[in-house]
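# Analysis of the macromolecular model
The chain contents come next:
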Amino acid sequence: MNTKSVISLASFVLMVFTGLVILGLWGCPQYRVYSQRMEGEALLAHAQASKEVAVAEARAKMESAAMLAAADTIRAHGVARSNQIIGESLRNNEAYLHWLWIDNIEKNPQAVIYVPTEANLPILEAGRKPWLKDTAR
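Since this is a predicted model, take the numbers as computed values, not measurements. Residue positions are counted from 1 within each chain, in the order its sequence is given. Thresholds applied to this predicted model are a pLDDT of at least 70 for local features of residues and 80 or more for the giving and counting of side-chain atom pairs; totals over whole chains, interfaces and linings are not thresholded and use all residues. Side-chain numbers come from the whole structure's heavy atoms, not from hydrogens or water.

### Observations regarding the overall build of the chain
- Only DSSP runs of H or I reaching four residues or more are called helices, and only runs of E reaching two or more are called strands; each is numbered from the N terminus. Within the chain, the secondary structure is distributed over 3 helices and 0 strands.
- Throughout, exposure labels follow a simple rule: accessible area from a 1.4 Å probe, protein chains only, divided by the maximum for the residue type, with under 20% read as buried, over 50% as exposed, and the rest as partly exposed. Within the span of the chain, comprising 137 residues, buried residues form 1% of the whole.
- Carbon together with sulfur atoms contributes 65% to the accessible area of the chain, which is approximately 12,500 Å² in total. Each accessible area value is a Shrake-Rupley result obtained with a 1.4 Å probe; residue values ignore everything except the protein chains displayed when judging cover.

### Structural notes on helix α1 (residues 3-90)
- An ideal rise of 1.5 Å per residue puts 130 Å on 88 residues; α1 measures up with 124 Å between its terminal C-alpha atoms.
- A maximum bend of about 30° is found in α1 at G27, where proline P29 lies one to four positions downstream.
- Downstream of α1 by one or two residues, N92 has phi in the positive range, about 60°. Residue count minus one, scaled by 1.5 Å, sets the expected span of a helix. Consider a residue and the seven residues that end there alongside the seven that start there; fitting an axis to each set, the bend is the angle between those axes.

### A short note on the UniProt feature "transmembrane region" (unreviewed entry) in the chain
- UniProt tags residues 6-28 as "transmembrane region" (unreviewed entry).
- Helix makes up 100% of residues 6-28 and strand makes up 0%, while its end C-alpha atoms are separated by 32 Å. UniProt positions are given in the numbering used here, feature names are shortened, and annotations may be inferred rather than shown by experiment.

### Description of unusual backbone geometry
- Even without being glycine, N92 reaches a positive phi, approximately 60°.
- One can find N92 in the loop between α1 and α2 (94-107).
- Owing to a relative accessible area of 78%, N92 belongs among the exposed residues under this scheme.

### Quick look at a nonpolar patch on the surface
- On the surface, L9, F12, V13, V16, L20, L23 and W26 cluster together to form a nonpolar patch covering roughly 730 Å² of accessible area.
- The residue V16 is located in helix α1 in this model.
- The exposure class assigned to V16 is partly exposed, which follows from its relative accessible area of 39%. The patch calculation keeps residues exceeding 30% relative accessible area without a salt bridge and links them within 9 Å when they carry like charges or within 5 Å when they are nonpolar (Val, Leu, Ile, Met, Phe, Trp, Tyr). The salt bridge definition used is simple: a Lys or Arg side-chain nitrogen within 4 Å of an Asp or Glu carboxyl oxygen.

Right under this line is the structure:
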């Protein structure tokens, strides 16, 4: 290689290096600005997504509460209707009430039953049988 080609190669390398340095000096601040802008946009997008999630959760809770309230109202109407039906079926049905009372006495033989006297005052365990005390333990 002759000196002329070495000099031209060295000047070319020097010009490329100088161009890269100038490009770096101009590009680094530009890249920092671009990077910070992208970081800010990412934070903004994250905040908006978080807000949308919170709004969606609140809306879901509100709809759930409305549905639960509607279900409770429907259940209360059902209970009221069944109470009305039971009340109407027991009205003027003394035979059934008497049978139900006897049936419940048979289910619990250790129950204490107070029988009212002519003044509607109960006789309070006046002649309680001793064997009831042993089985109560």
